[in-house]
Amino acid sequence: MSNRWVAVLSGGLSHEREVSLRSGRRLSAALRSAGLVVEEWDADGRLLTRLREHRPDAVVVALHGGEGENGSVQTILELAGVPFVGTDSRACRRAWDKPTAKAELARAGLATPEWAVLPRDTFRELGATPVLDQIVSRLGLPLMLKPDQGGSALGAQVVRNATDLPAAMVGCLAYGNTVLAERFIEGVEVAVAVVDGPDGPYALPAVEIVPEDGIYDYTSRYTAGLTDFHAPARLDEKASAAVGELAVAAHRLLGLRDVSRTDAIVAADGTVHFLEVNVSPGLTETSLLPMAVEASGGSLGDIYAGLVERAVNR
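**A word on unusual backbone geometry**
Next up, step 1: Cis peptide bonds are those with omega within 30 degrees of zero, and the linkage from L141 to P142 qualifies with 0°.
Next up, step 2: In this structure, P142 sits in the loop between α7 (128-139) and β6 (143-147).
Next up, step 3: The omega torsion of the bond from A231 to P232 falls at 5°, within 30 degrees of zero and hence cis.
Next up, step 4: By the element assignment, P232 lies in the loop between β12 (227-230) and α10 (237-253).
Next up, step 5: Of note, D258 is a non-glycine position whose phi angle comes to about 75°, a positive value.
Next up, step 6: For D258, the position within the fold is in the loop between α10 and β13 (259-267).

**Focus: the packing of helix α4 (residues 89-96) against helix α5 (residues 98-107)**
Next up, step 1: Direction vectors running N to C along α4 and α5 enclose 95°, while the axes themselves pass 5 Å from each other. In terms of orientation, α4 and α5 fall into the roughly perpendicular class. Mapping the contact onto sequence places R94, A95 and W96 in α4 and K98, T100, A101 and E104 in α5.
Next up, step 2: In terms of residue class, the contact of α4 with α5 is built from three nonpolar, one polar and three charged.

**Focus on the pairing of strand β11 (residues 207-211)**
Next up, step 1: Across the five residues of β11, four count as buried, placing the element largely inside the fold.
Next up, step 2: Looking at chain direction, strand β9 (residues 187-197) and β11 are connected through three bridges and run antiparallel. Within β11, the position partnered with V190 by the bridge is E208.
Next up, step 3: In terms of strand pairing, β11 meets β12 through four bridges, oriented antiparallel. Looking at the pairing, E208 lines up with H230 of β12.

**A few points about the pairing of strand β8 (residues 178-183)**
Next up, step 1: Judged by how many residues are buried, β8 sits mostly within the fold: five of six residues are covered.
Next up, step 2: Note that β6 and β8 share five bridges and pair antiparallel. Its bridge partner being in β8, M144 is matched across the sheet by E182.

**Details of the pattern of salt bridges**
Next up, step 1: Within this structure, the stated rule accounts for 15 salt bridges.
Next up, step 2: With a closest N to O distance of 2.9 Å, E114 and R138 form a salt bridge. Of this pair, E114 sits in the loop between α5 and β5 (115-119) while R138 sits in helix α7, and the two are 24 residues apart along the sequence.
Next up, step 3: Of the residues examined, E114 reaches a relative accessible area of 27% and is grouped as partly exposed.
Next up, step 4: In this structure, D258 and R314 form a salt bridge, with 3.0 Å as the shortest nitrogen-oxygen distance. Separated by 56 residues along the polypeptide, D258 in the loop between α10 and β13 and R314 in the segment after α12 (300-313) bring together distant segments of the chain.
Next up, step 5: For D258, a relative accessible area of 0% gives the class buried.
Next up, step 6: Given the relative accessible area of 46%, R314 is considered partly exposed.
Next up, step 7: Connected via shared salt-bridge partners are K102, K146, E182 and E276.

**Overview of the nonpolar core**
Next up, step 1: Core analysis: the largest hydrophobic core is formed by 32 residues, its most contacted members being V6, L27, L31, V60, L289 and Y304.
Next up, step 2: Going through the elements one at a time, β1 (5-10), α1 (17-33), β3 (58-61), β9, β11, α11 (288-296) and α12 are the ones with two or more residues in this core.
Next up, step 3: When residues in this core are grouped by element, the largest group, seven residues, is from α12.
Next up, step 4: Sequence-distant contacts of L289, defined by excluding residues within four places in its chain, comprise A193, L204, V259, P281, G282, L283 and Y304.
Next up, step 5: V194, V243, A247 and F274 belong to the second-largest nonpolar core, a separate cluster that totals 25 residues.

Thresholds, definitions, all that
Think of each chain on its own: its residues are numbered from 1, step by step along the sequence as written. Residue-level local features of this predicted model are given only where pLDDT is at least 70; pairs of side-chain atoms are given and counted only at 80 or more, and the full residue set underlies all totals for whole chains, interfaces and linings. Side-chain calculation: all heavy atoms of the structure are included, whereas hydrogens and water are not. Helix and strand assignments follow DSSP, with helices taken as H or I runs no shorter than four residues and strands as E runs no shorter than two, numbered in order from the N terminus. Fitted lines through C-alpha atoms serve as axes, helices being fitted only where they are in contact, and the angles separating the N-to-C directions of these axes extend from 0 to 180 degrees. An angle below 35 degrees is read as roughly parallel, one above 145 as roughly antiparallel, one from 65 to 115 as roughly perpendicular, and any other as oblique. Contacts between residues were defined by any pair of non-hydrogen atoms, one from each residue, lying within 4.5 Å. All residues other than Ala, Val, Leu, Ile, Met, Phe, Trp, Tyr, Cys, Pro, Asp, Glu, Lys and Arg, Gly among them, are scored as polar; the first ten of these are nonpolar and the last four charged. Only protein chains enter the accessibility calculation, which uses a 1.4 Å probe; a residue whose area is less than 20% of its type maximum is buried, one above 50% is exposed, and one in between is partly exposed. DSSP-based pairing: two strands are paired if at least 2 bridges between them are found. Whenever a carboxyl oxygen of Asp or Glu lies within 4 Å of a side-chain nitrogen of Lys or Arg, that contact is scored as a salt bridge. We define the nonpolar core as a collection of buried residues of types Ala, Val, Leu, Ile, Met, Phe, Trp, Tyr and Cys that are connected through side-chain atoms lying within 4.5 Å of one another.

Geometry only, nothing functional implied.
Put into structure tokens, the structure is as follows:
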């Protein structure tokens, strides 16, 4: 394995570029510590030329948002015939669209907050006020609003009062053309990473998320000190098993590969509600996957080095 050399692909042009660069730097350091030769590549117009002229043994995708998670870059890597760590392009597209992922899991009988999906044109053509009134009538308050695609909680907001709904909707639409409105579930927020191993996918210890202001938004995610984390999560044995089973089920049902992270809420009655899944989990100093790896007693470099071998041997 020490003879492998890999290109860690990070950066790109999405709203999450800076976070991706931080993930790429940390992952590169971890892989080097595991004995691999690593180059850090930006996802830019030189990518295909680099792949042709200096083909790596494998690419590790550390992109967040946009083309890095919606299957676009994965399609390029597939067309170039280059092995890569991460989910294939088709499953990326399925997971990237939050309503699609929720519908897949709901059809399989897994719990997820009731939701409605509304494009910008609906508000323009039918009038914002009657549409918003109908959302509240159907789903109640509080509501979680988020873009139907995207990550890092960009544009996501909790709305507890109907008077705040129009402004929250405008803020959400700044990051996409379609809004996903969900019934807000009070409970313990957790993130569960799943890694593919020799015997199939397995869940790492859940990480409990306790943001200072109660909402795990972009600022809380990437500003040290604004969120408390507990790894493993402070759950009883039954709930711990349930969140792990949900994350593995999401990984399998959506056809994900190598590594994923499922975000969920454990309600007061013990029900675990699926929120969304991430095919390229963050790896920064405040990201959840490295915390889960540490709680498991493992090494980030060793886990990803093993995934590199899986990719090369596929």
